[in-house]
Amino acid sequence: MGIQIAPSMLSADFANLEAEAARVAGADWLHVDVMDNHFVPNLTIGVPVVEALAKVARQPIDAHLMIEEPDRWAPAYVEAGARSVTFHVEAARAPVRLAREIRAQGARASMALRPATPIEPYEDLLPELHMVLLMTVEPGFGGQAFLDVCLPKIRRTRELLDKQGGDIWLQVDGGISAVTIDRSGGAGGGVFVAGSAVFGADDPDAMVARLRERAEAHRPG
Ligand code: DX5
Ligand code: ZN
């Protein structure tokens, strides 16, 4: 799988989501950050908005659930039209059951880890997943600085995924810019979420292309 870029709609104009999606026509996904004010100290959007955006956007929706009780709520995001649904392993009660449920509904199932959550305890779960999301900022807000302390975990996760042999994607989310994508790409990231870097640019779609080029250029191996 080639490098993929997923602009985070958290940094888009919430009053014009359809138009904002059209400004990143070259993006592979639209990353939608769902926050419940419990798992993270911020409240964003939920099922109805995902449903509305999925109907008008040309790109598939990548829903990142930063919420408590994802076991209870994740299926509604698949029903709303999200093609990829990511739950946080710190919040999931039964991550294997949840991943299987998301897959059975026909979406891609993905597991996210906060910066301080190690990947190793979850190695045996990897075959259940289509993607692992590694947070490179504390979840909750856009526009934070990339945490270099997460780079070794990106490398170790890449190794674990390669060992699995399948095609499990590795997504990196938080503080990604045309500068930090060099090192997160070099460490083995394959799907990059970028909010402020993309929607803060004069030409968001040109930034999507630039991020993709830089990640391709720094790809290991
Ligand atoms: C943070 C979200 C990210 C955020 C990224 O909790 O998960 O997706 O929108 O924004 P930037 O790219 O600005 O760090
Ligand atoms: Zn996110």
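The structure this text deals with has already been given above.
Described in the following lines is the structure provided in the data block. (Residues numbered from 1 in each chain as written. Chains lettered and ligands numbered in written order. Predicted model: local features only at pLDDT ≥ 70, side-chain atom pairs only at ≥ 80, totals over all residues. Heavy atoms only, no water.)

## Let's talk about the side chain of H88
If you trace the backbone, H88 turns up in strand β4 (residues 84-88). Residue classification places H88 among the buried positions, given a relative accessible area of 0%. H88 has contacts with F39, H64, L65, M66, P70, A112, L113, R114, M135 and P139, leaving out every residue within four places of it along the chain. (Helix = DSSP H or I, 4+ residues; strand = E, 2+ residues; numbered from the N terminus. Buried < 20%, exposed > 50% of the residue type's maximum accessible area, 1.4 Å probe, protein only. Contact = heavy atoms within 4.5 Å.)

## Here's the deal with the pairing of strand β8 (residues 191-194)
Burial along β8 is two-sided: the residues V191 and V193 and F192 and A194 are all buried. Note that strand β1 (residues 4-7) and β8 share 4 bridges and pair parallel. Looking at β8, one finds that P7 is bridged to A194. Pairing analysis gives 3 bridges linking strand β7 (residues 169-173) to β8, with the strands arranged parallel. By the bridge assignment for β8, V172 is matched with F192. Taken together, β7, helix α6 (residues 180-186) and β8 constitute a β-α-β crossover, and its handedness is right-handed. (Pairing = 2+ DSSP bridges. Right-handed = clockwise from strand over helix to strand, strands pointing away.)

## Structural notes on the packing of helix α3 (residues 70-79) against helix α4 (residues 95-104)
Taken N-terminus to C-terminus, the directions of α3 and α4 make an angle of 15°; their axes are 10 Å apart at the nearest point. Classified by the interaxial angle, the pair formed by α3 and α4 is roughly parallel. The two elements α3 and α4 meet at a crossing, and its hand is right-handed. For the pair α3 and α4, contact is made by P70, D71, A74, P75 and V78 and by R97, L98, E101 and I102, respectively. (Axes fitted to C-alpha atoms, helices over the stretch in contact; angles between N-to-C directions. Parallel < 35°, antiparallel > 145°, perpendicular 65-115°, else oblique. Left-handed = near helix turned anticlockwise from the far one by under 90°.)

## Quick notes on the site of ligand 1
Around ligand 1 sit 20 residues, and of these G140, G143, D173, G195 and S196 come closest. A distance of 3.3 Å separates an oxygen atom of ligand 1 from a polar side-chain atom of H64. Relative to its free-state accessible area of 380 Å², ligand 1 is covered by the protein chains to the extent of 100%. Structurally, ligand 1 is housed in the largest cavity. Put simply, the parts of the chain that give the shell around ligand 1 at least two residues each are β2 (30-35), β3 (61-66) and β8. (Near = heavy atom within 4 Å. Polar contact = N/O pair within 3.5 Å; in protein donor to acceptor, adjacent residues only side chain to side chain. Areas by Shrake-Rupley, 256 points an atom, 1.4 Å probe, with all protein chains shown as cover. 1 Å grid on protein atoms, 1.4 Å probe; cavity = no way out; pocket = protein on both sides within 12 Å on 5 of 7 lines; lining within 4 Å. Sits in = over half its atoms within 2 Å of the grid points.)

## Considerations on the coordination of the zinc ion (ligand 2)
Coordination of the zinc ion (ligand 2) by the protein comes from H31 (NE2), D33 (OD), H64 (ND1) and D173 (OD), over a distance range of 2.0 to 2.3 Å. Around the zinc ion (ligand 2), the 6 donor atoms are arranged such that angles at the metal cover 72 to 171°; this shape is classified as octahedral. Taken in sequence order, the residues that donate to the zinc ion (ligand 2) follow the motif H-x1-D-x30-H-x108-D. Here the residue H31 occupies a position in strand β2, and D173 occupies one in strand β7, the gap between them amounting to 142 residues. D173 sits in the buried class, given a relative accessible area of 8%. (Donors = N, O, S within 2.8 Å, 3.2 Å for Na, K, Ca; no water. Tetrahedral: all angles 85-135°; square planar, octahedral: opposite > 155°, others 65-115°.)

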